[in-house]
Amino acid sequence: MNSIFHRVSIRKYQEKPVEEEKIELLLKAGMQAPSACNQQPWEFYVVTDKETIQKLSVSTPYAGAAKGAMLVMVPCVRKNGLMAPSLGEVDLAICTENILLEADELGLGAVMMAVAPDKERMDAVRKVCDIPSELDPFCLIPIGYPAEGHPQQDRYDTSRIHRI
């Protein structure tokens, strides 16, 4: 559980490409996530093209940190053929957390930038990456070697625990 207590959101990155082996490990970690009815509704756009990353960084109001990333993953929810379609975004949230934890484990920094369920943001990302209508962009995950660091906050709060 070290990554759970070590991982922080990183928004500044070194100008150093992420190795293909690490990209594959990130994708494997994401796809290892549990999903409702084992539906595995995910598909991924792996963006390393600097021009496309630049376009993604201005595609939504809060995506600016993507600009300096060497890699942006765009996990998408497959809409067709799901046993539990209403849980697709929940599945992608779990998948995204796995990617964030694996990034930390690999010495990378990452941050999740929400896209879904905002239709305008989803359409903007869809346009940049040419994502077909049967997939919905879930979030942007800028990833790279950290150019910043800060300690993780202790978020444990006993006042939020209710025992019955």
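This one's a predicted model, so the numbers in the text were calculated from it and none came from an experiment. (Residues numbered from 1 in each chain as written. Predicted model: local features only at pLDDT ≥ 70, side-chain atom pairs only at ≥ 80, totals over all residues. Heavy atoms only, no water.)

1. Some details on the pattern of salt bridges
What counts, and what does not: A pair is scored as a salt bridge if a Lys or Arg side-chain nitrogen falls within 4 Å of a carboxyl oxygen belonging to Asp or Glu. Comment: elements are numbered from the N terminus, with helices defined as DSSP H or I runs of at least four residues and strands as E runs of at least two. Burial classes: relative accessible area under 20% of the type maximum marks a residue as buried, over 50% as exposed, and values in between as partly exposed (1.4 Å probe, protein chains only).
Applying the stated rule across the entire model yields seven salt bridges. The residue E24 makes a salt bridge to K28 at a minimum N-O spacing of 3.5 Å. Residue E24 and its partner K28 are both found in helix α2 (residues 20-31); the two are separated by four residues, about one turn of the helix. Here E24 falls in the partly exposed class, since its relative accessible area comes to 43%. Note that D157 and R160 form a salt bridge whose closest N and O atoms lie 3.4 Å from each other. Given a relative accessible area of 31%, D157 falls into the partly exposed group. Classification of R160 by relative accessible area gives exposed; the value is 68%.

2. What about the packing of α2 against helix α4 (residues 88-105)?
The angle between the axes and the distance between the axes are what describe a pair of packed helices. Our working definition: Angular values range over 0 to 180 degrees, each being the angle between N-to-C directions of two axes fitted as lines to C-alpha atoms, with helices fitted over their stretch in contact. Two helices that cross are described as forming a left-handed crossing if the nearer one is turned anticlockwise from the farther one by less than a right angle, and a right-handed crossing if clockwise. Contacts are assigned to residue pairs with any non-hydrogen atoms lying within 4.5 Å of each other. In the scheme used here, Gly and all other residues not listed as nonpolar or charged are polar, with Ala, Val, Leu, Ile, Met, Phe, Trp, Tyr, Cys and Pro taken as nonpolar and Asp, Glu, Lys and Arg as charged.
Direction vectors running N to C along α2 and α4 enclose 145°, while the axes themselves pass 7 Å from each other. Handedness of the α2/α4 crossing: right-handed. Between α2, through L25, L26, A29 and G30, and α4, the contact on the second element is made entirely by C95, N98, I99, E102 and A103. Of the residues belonging to the contact of α2 with α4, the class tally is six nonpolar, two polar and one charged.

3. Observations regarding the environment of I141
Relative to the assigned elements, I141 resides in strand β6 (residues 139-144). I141 sits in the buried class, given a relative accessible area of 0%. Setting aside anything within four residues of it in sequence, one finds I141 in contact with L71, V72, M73, P75, T96, I99, L100, A110 and V111.

4. As for the packing of helix α3 (residues 50-57) against helix α5 (residues 119-129)
As a reminder of what qualifies: Throughout, the term roughly parallel applies to angles under 35 degrees, roughly antiparallel to angles over 145, roughly perpendicular to angles from 65 to 115, and oblique to all others.
Relative orientation of the contacting elements α3 and α5 amounts to 170°, with a least axis distance of 10 Å. By the angle class used here, α3 and α5 are roughly antiparallel. Every pair of crossing elements has a handedness; the one defined by α3 and α5 is right-handed. Facing T52, K55 and L56 of α3, the residues of α5 in contact are V125, V128 and C129. The residue makeup of the contact of α3 with α5, split by class, is four nonpolar, one polar and one charged.

5. Here we look at the side chain of S35
Put simply, the rule reads: Any N or O atom pair separated by 3.5 Å or less is treated as a polar contact, with the protein-specific requirement of one donor-capable and one acceptor-capable atom, and with residues adjacent in sequence counted only for side-chain atom pairs.
You can see S35 is positioned in the loop between α2 and β1 (42-47). Here S35 falls in the buried class, since its relative accessible area comes to 16%. A distance of 3.1 Å separates a polar side-chain atom of S35 from the backbone nitrogen of Q39.

6. Details of the UniProt feature "domain: Nitroreductase" (unreviewed entry) in the protein chain
For clarity, the cut-off: UniProt positions are given in the numbering used here, feature names are shortened, and annotations may be inferred rather than shown by experiment.
Annotation from UniProt places "domain: Nitroreductase" (unreviewed entry) at residues 5-57 and 79-145. The span residues 5-57 is 42% helical and 11% strand by assignment, and the distance between its end C-alpha atoms comes to 28 Å. The straight-line gap between the two end C-alpha atoms of residues 79-145 is 33 Å; of that span, 43% is helix and 19% is strand.

7. What to know about α3
Note the following rule: Note that the arc is defined by the directions from the helix axis to the C-beta atoms.
Where α3 is concerned, the buried positions are T52, I53, L56 and S57. Seen end-on, α3 carries its buried residues on one side only, within an arc spanning 145°. Buried residues along α3 sit in contact with β1, β2 (71-78), α5 and β6.

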